[in-house]
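# Survey of secondary and tertiary structure
What follows is each chain in one-letter form.
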Amino acid sequence: MNTLNVQLFDLTTFLFGTATGSYIAALYGKKEFLARIGTWICAAAAIVSTAAIGIRWIESYRMGIGRIPVTNLYESLVFFAWSINLFYLFVERKYGSRSFGAFVVPIAFFTMVFAFTIESGIQPLVPALQSYWLHAHVITCFAGYAAFAVSAGVAVMYLLKERRGGDKVTGGVLALFPDTKVLDDLVYRAIAWGFPLLTAGIITGAAWANFAWGTYWSWDPKETWSLIVWLVYAAFLHARITRGWHGRRAAVLSIAGFAATIFCYLGVNLVLSGLHSYGG
Amino acid sequence: METVTDVRTEPVPVPAAVERKRGKPFATEAWNFLISLKLAIWTLIILALTSILGTVIEQNQPQDKYRQVYEDWAYNLMDRINLFDMYHSWWFLLLLCLFALNLTCCTIDRLPRAIRTVRKPKLILDDVTEKSLGLTERWKSKGAVPQWAEAYKAALARTFASPRVTETDGAVHLYAEKGVVSRFGAYATHAGIVIIFIGAILGNVFGFKSYLSIPDGTEASHLDVRGGKEHLDLPFAVRNNRFWVETYPSGQPSKYASDLSVIENGREVLRKTITVNDPLAYKGIWFYQSGYGEAGGATAQVSLKRPDGTSLGNLSLAPNEPVGIEGYGTVRGVKYDENYQGNGPALQVKIEKPGQPASDVWILQGRPEQDRLRNDTLVFSFGGLTSKMYTGLQVAKDPGVNVVWLGCLLLTAGMMISFFVSHCRIWIRLSEGLKGKVEITAGGTANRNRPAFEKTFAAVLTEIRKEPSDNAKENPA
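Structural notes, computed from the coordinates.

Reading the values: the criteria
Residues numbered from 1 in each chain as written. Chains lettered and ligands numbered in written order. Predicted model: local features only at pLDDT ≥ 70, side-chain atom pairs only at ≥ 80, totals over all residues. Heavy atoms only, no water. Helix = DSSP H or I, 4+ residues; strand = E, 2+ residues; numbered from the N terminus. Buried < 20%, exposed > 50% of the residue type's maximum accessible area, 1.4 Å probe, protein only. Polar contact = N/O pair within 3.5 Å; in protein donor to acceptor, adjacent residues only side chain to side chain. Contact = heavy atoms within 4.5 Å. Salt bridge = Lys/Arg side-chain N within 4 Å of Asp/Glu carboxyl O. Buried area = accessible area lost by both parts, 1.4 Å probe. Core = buried A, V, L, I, M, F, W, Y, C linked by side-chain atoms within 4.5 Å.

Let us look at the side chain of S261 of chain B. Residues and elements named next belong to chain B. For S261, the position within the fold is in strand β7 (residues 253-264). Overall, the relative accessible area of 0% leaves S261 in the buried class. A distance of 2.9 Å separates the side chain of S261 from the side chain of N241, its partner in a polar contact. A distance of 2.7 Å separates polar atoms of two side chains, one belonging to S261 and the other to E268. Other than its neighbours up to four places away in sequence, S261 contacts A237, V238, R239, N241, E268, L270 and R271.

In structure tokens:
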């Protein structure tokens, strides 16, 4: 029997699945009301998952091991999905287009599906994680990752639209997308939020490592991959102001950056060995 | 070097380098290469790609481990190009140098121009400037130039920023700007990176890393550094008073702690209990809780009594080490059993009395009075095993670390400025027109976030044009 917080997270997973379906159906059926339903479901998912995080936090205190719920793989996944959803809702509101939903919300959905398949219990903190740096480090990193997810989703839209002749497209799904200029701008803007957050995440991680081990940088695989992600986005930012590199190549770099982000987040723990094994 | 420009509202300036291109061929070519954005992009991408190698190939493992995985030829090749310690290899450091050089050269090339733009802004809205601006607006008003100039000056100061006034033949120009610092965000970011590199070099040259294992109750002051190739004596000693582990109710460890004292000139000068994430620092040297273990074997605690119950104290028995008892003989711990014949933990001791054959006796931890049954002159009881622990301390001295943090601060601040501050400029030109009217032209530009600036520009103009017309009603001149 799962505890209340996990049941709420399961409900969130279901909501993200439904929202994904609505957004995709809205694009193919060209029915705006379906997309609007998607937005409402995402808003509901935001409320449910926020409540679940809060309840999980309280439950950890009831168990006598109170700590912020971002300390193992399960918790980091739900926090990642939570951040993507909030960031997405913000973008949708600001840009007034719901077509992004079909490309961004699925990332949150698959993240939650993955979380659904793994151990979801509340474990006590190992001594290495008992630090105030934990909060700043994890929150900045995942907020940054969420921004990159949004950027990559929009970059895919940009590439799809650009391949079919850009803004000249009339009719079809692509005509519902915002102009390529708007998409290109949004790819950048999401990174403009994500990059400083990732930088802050790397710096707080280094500060923490220095406080725990006396080394701010030890070329551990996780550290190295976070640097790789940082380098790819730094390349993106410089590409954008260089002739011949903006537009298509910048969009490709955004997607490459997100692929590196996902490997940094999950691949390193599942494939490589190092200091950041989740939950212990 | 320019980094993130959002939507560009200004034409890309021709780099000084391009103008110089027709000069000395090789030196300028080299310089152009070093300051190019292309070099920056490719260095970033190559650094990212090569960095992957070191995460796939485990770094700094013993040679045997690699030999098991790789064929001889592969091993030799990889060893040759330092793939087993690639982040310290000459070629990776060379890439990092190229990266730093690129940053530095870009700064040398572009910073002076940025400073010039800021210190000597274009105060006059001439035709060339006007055409280069994304936003312009023209209108005419009745009245005299000086009167309107005063009115607009006040309005600009109130709604945007205090303008500078320049008079040319027949025209008055107002120039106001905000967010000048935006021009320096990228330089701060780049300087931050170079400073971090400098901090890292300082740490490597003047600092050290080491590891100390100190058994409970003992002290240490001797360190092996640089992988045991060099030795170092600290000007003080660190004593481990006690190491312990605390656990959660579930049994998982919740805390590793060492009670440490710093001993200098035979005196305790500092005492602190360190835990993971809470180190001890003394004279620039830091001690981090990093490991632990058992120091030597376990010792058995045995208490002695006379048959009448008088306590004679405790014995600590190391495995097979005989301990003498005056007027009795010797006793040694021979064997320990966690569950002796179903009676729980027990210790087997060998008792040797002068002139008598040795006897082996089991004493049970759970039954302290059982040994009375032997009817000996002494009664032994077993208090359990205690093991002596050692604490493992990571020791580090890094005089470059504060330089690194300074670099990080600059990097972050520069980045925030680059992304979120925009250099916004507004010009207003007033000149005499026909029929006693004043011709007014306003123009504006921003180096980032054009849509936001468009709104600002429109709002400022609305505000400016509203106010003077009210004035005009009051003093019809």
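Now, onward.
Residues and elements named next belong to chain B. Tallied over the full model, the rule gives 27 salt bridges over all chains. Ionic pairing is found between E137 and R465, a salt bridge with its closest N-O pair at 3.0 Å. Taken together, the positions of E137 in strand β1 (residues 135-142) and R465 in helix α11 (residues 450-474) put the pair 328 residues apart, joining distant regions of the chain. Among the charged side chains, a network of salt bridges with common partners joins D127, E130, R138 and R429.

Our next topic: the interface of chain A and chain B. Taken residue by residue, the interface counts 48 residues in chain A and 57 residues in chain B. Each partner contributes to the roughly 4400 Å² buried at the junction of chain A and chain B, and carbon and sulfur atoms together form 71% of this total. Its largest share of buried area at the contact with chain B, chain A owes to Y216, W219 and I241 of chain A, together 15% of the area lost on that side. On inspection of chain A and its partner chain B, the count reaches 0 salt bridges. Taken together, the connections running from chain A to chain B amount to 11 residue pairs in polar contact (both at pLDDT 80 or more). Where the side of chain A that touches chain B is concerned, the elements lending two or more residues are α6 (180-213) and α7 (221-239) of chain A.

Residues F195 and W230 of chain A are the most contacted members of the largest nonpolar core, which totals 124 residues. With 15 residues, the top contributor of residues to this core is helix α5 (residues 133-163) of chain A. Membership of the second largest hydrophobic core comes to 26 residues, among which are A149, V172, V460 and L461 of chain B.

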